[in-house]
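Letter by letter, the chains look like this.
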Amino acid sequence: MTERARLVEVCDRYIAAVESGDPDAVLELFADEPSIEDPVGSEPRVGREMVREFYAQNADVELRLRRIGPVTVVGNRAAFQFRIEVPLGEDELVMASTDVMTFDAEGRILSMTAYPDSDADPDMVESEE
């Protein structure tokens, strides 16, 4: 597997793990000293405990996530967009987010910054299959 393919696979596994609501499955993808900034501009969460706590807070929320477009890989960094659907009773929150990740030498996520945009139209680009 090429380095690019490996990073794309981790990004897709990340989306699946977040959608599953299992914070331990998400944390498994992160390096020993990770940091996340979600959303961009918020206080970064640093360390495995804080990262796990962040993903655990949404464990009971039903999420449907689907990557839209390719994962862009440059060196040890990757960026990708995905569609987020959150059922809210009779309504549904639909938005797009772009996540930017930096990886360590083993392909584990060192940092993740999320750029959620509730005004972006996530239907503009279809997912690559």
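Residues numbered from 1 in each chain as written. Predicted model: local features only at pLDDT ≥ 70, side-chain atom pairs only at ≥ 80, totals over all residues. Heavy atoms only, no water.

1. Thoughts on the sheet that holds strand β3 (residues 64–74)
Two modes of strand pairing occur in sheets, parallel and antiparallel, and in both the strands are linked by backbone hydrogen bonds. Taken in spatial order, the six strands line up as β2-β1-β6-β5-β4-β3 in an open sheet, and their pairing is mixed. Looking at strand neighbours, the two that pair on one side only are β2 (45–46) and β3, the edges of this open sheet. In this structure, β3 lies alongside strand β4 (residues 77–88), joined through eight bridges in antiparallel fashion. By the bridge assignment for β4, I68 is matched with Q81. Sitting on the sheet, helix α1 (residues 3–20) is in contact with β1 (30–37), β3, β4, β5 (91–103) and β6 (109–117), with an inclination near 160° to β3. Across the sheet, helix α3 (residues 48–56) lies against β1, β2 and β6, angled at about 55° from β1, the strand it touches most. (Pairing = 2+ DSSP bridges. Helix = DSSP H or I, 4+ residues; strand = E, 2+ residues; numbered from the N terminus. Contact = heavy atoms within 4.5 Å. Axes fitted to C-alpha atoms, helices over the stretch in contact; angles between N-to-C directions.)

2. A look at the packing of aromatic side chains
Inspection of every chain in the model, using the stated rule, returns six aromatic pairs. Between F30 and Y55, the ring centres sit 6.1 Å apart and the planes meet at 45°, which makes this aromatic pair tilted. One end of the pair, F30, is in strand β1; the other, Y55, is in helix α3, with 25 residues separating them in the sequence. Grouping residues by exposure puts F30 and Y55 together as buried. (Phe/Tyr/Trp six-rings, centres within 6.5 Å; stacked < 30°, edge-to-face > 60°. Buried < 20%, exposed > 50% of the residue type's maximum accessible area, 1.4 Å probe, protein only.)

3. What to know about the confidence of the model for the chain
Mean pLDDT over the chain stands at 93; residues scoring 70 or higher make up 95%. Under a pLDDT of 50 for its full length, residues 125–129 has, in the predicted model, twelve contacts with residues more than four places off or in other chains. (pLDDT = per-residue confidence, 0-100.)

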